[in-house]
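Fold and geometry: a report
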Amino acid sequence: MPRDIEYSEKYCDSKYEYRHVILPKEMAKQMPKGRLLTEREWRGLGVQQSRGWAHYEIHKPEPHILLFRRPLGTDPRTGKVDPELQKKILAKQQQ
């Protein structure tokens, strides 16, 4: 497993939680160009994170930085949104 992969803290808005992953620049040469990576592809590069994350945007100036998001209330073990947990999070945000 590559040791130089860096993971950001999670941050969120009213719909999603986000994180970015910084790959060594040499690794970017192995990535497909001009499209988002599937979960199998980013895990194949050595990215390790809980379930439910999706590569959602390409940061063109720095393609070695992968941008991920998942809906608030996602169960990290299953990758599925827990509707009850999502309601609680949204209610807390509105306070």
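Notes on the structure follow. In this text, all values refer to a predicted model and were calculated from it rather than measured experimentally.

1. A short note on the pairing of strand β5 (residues 65–71)
The element β5 is extensively covered by neighbouring structure, given that five of its seven residues are classed as buried. Where strand β3 (residues 16–22) lies against β5, seven bridges are found, and the strand directions are antiparallel. Following the sheet pairing, Tyr 18 is matched in β5 by Arg 69. Inspection of the sheet shows strand β4 (residues 54–58) paired to β5 by four bridges, in the antiparallel sense. Across the sheet, residue His 55 finds its bridge partner in β5, namely Phe 68.

2. Comments concerning the nonpolar core
Ranked by internal contacts, the top residues of the largest apolar core, which has 13 residues, are Val 21, Leu 23, Met 31, Trp 42, Val 47, Leu 66 and Phe 68. Among the secondary structure elements, those contributing two or more residues to this core are α1 (25–28) and β5. Beyond its immediate chain neighbours, meaning those up to four positions away, Leu 23 contacts Ile 5, Met 31, Leu 45, Val 47, His 64 and Leu 66.

3. Structural notes on the packing of aromatic side chains
The tally for this structure, following the rule as stated, stands at four aromatic pairs. Look at Tyr 18 and Tyr 56: their rings are 5.7 Å apart centre to centre, the planes differ by 55 degrees, and that puts the pair in the tilted class. Remark: Tyr 56 occurs in strand β4 and Tyr 18 occurs in strand β3; sequence separation between them is 38 residues. For Tyr 18, a relative accessible area of 11% corresponds to the buried category. Each member of the aromatic cluster is reached from another via a ring pair, and the members are Tyr 11, Tyr 16, Tyr 18 and Tyr 56. Over the aromatic face of Trp 53 sits the side chain of Arg 19, whose NZ or CZ is 5.8 Å from the ring centroid. The ring of Tyr 16 is capped by Arg 69, whose NZ or CZ atom sits 4.2 Å from the centre of that ring.

4. Some remarks on the pattern of salt bridges
A complete count under the given rule lists four salt bridges for this structure. Among the salt bridges present, the one from Glu 39 reaches Arg 43, with a minimum N-O distance of 2.7 Å. Residue Glu 39 and its partner Arg 43 are located together in helix α2 (residues 39–44), separated by four residues, close to a single helical turn. We classify Glu 39 as partly exposed; its relative accessible area is 36%.

What counts, and at which threshold
- Residues numbered from 1 in each chain as written.
- Predicted model: local features only at pLDDT ≥ 70, side-chain atom pairs only at ≥ 80, totals over all residues.
- Heavy atoms only, no water.
- Buried < 20%, exposed > 50% of the residue type's maximum accessible area, 1.4 Å probe, protein only.
- Helix = DSSP H or I, 4+ residues; strand = E, 2+ residues; numbered from the N terminus.
- Pairing = 2+ DSSP bridges.
- Core = buried A, V, L, I, M, F, W, Y, C linked by side-chain atoms within 4.5 Å.
- Contact = heavy atoms within 4.5 Å.
- Phe/Tyr/Trp six-rings, centres within 6.5 Å; stacked < 30°, edge-to-face > 60°.
- Lys NZ or Arg CZ within 6 Å of the ring centre and 35° of its normal.
- Salt bridge = Lys/Arg side-chain N within 4 Å of Asp/Glu carboxyl O.

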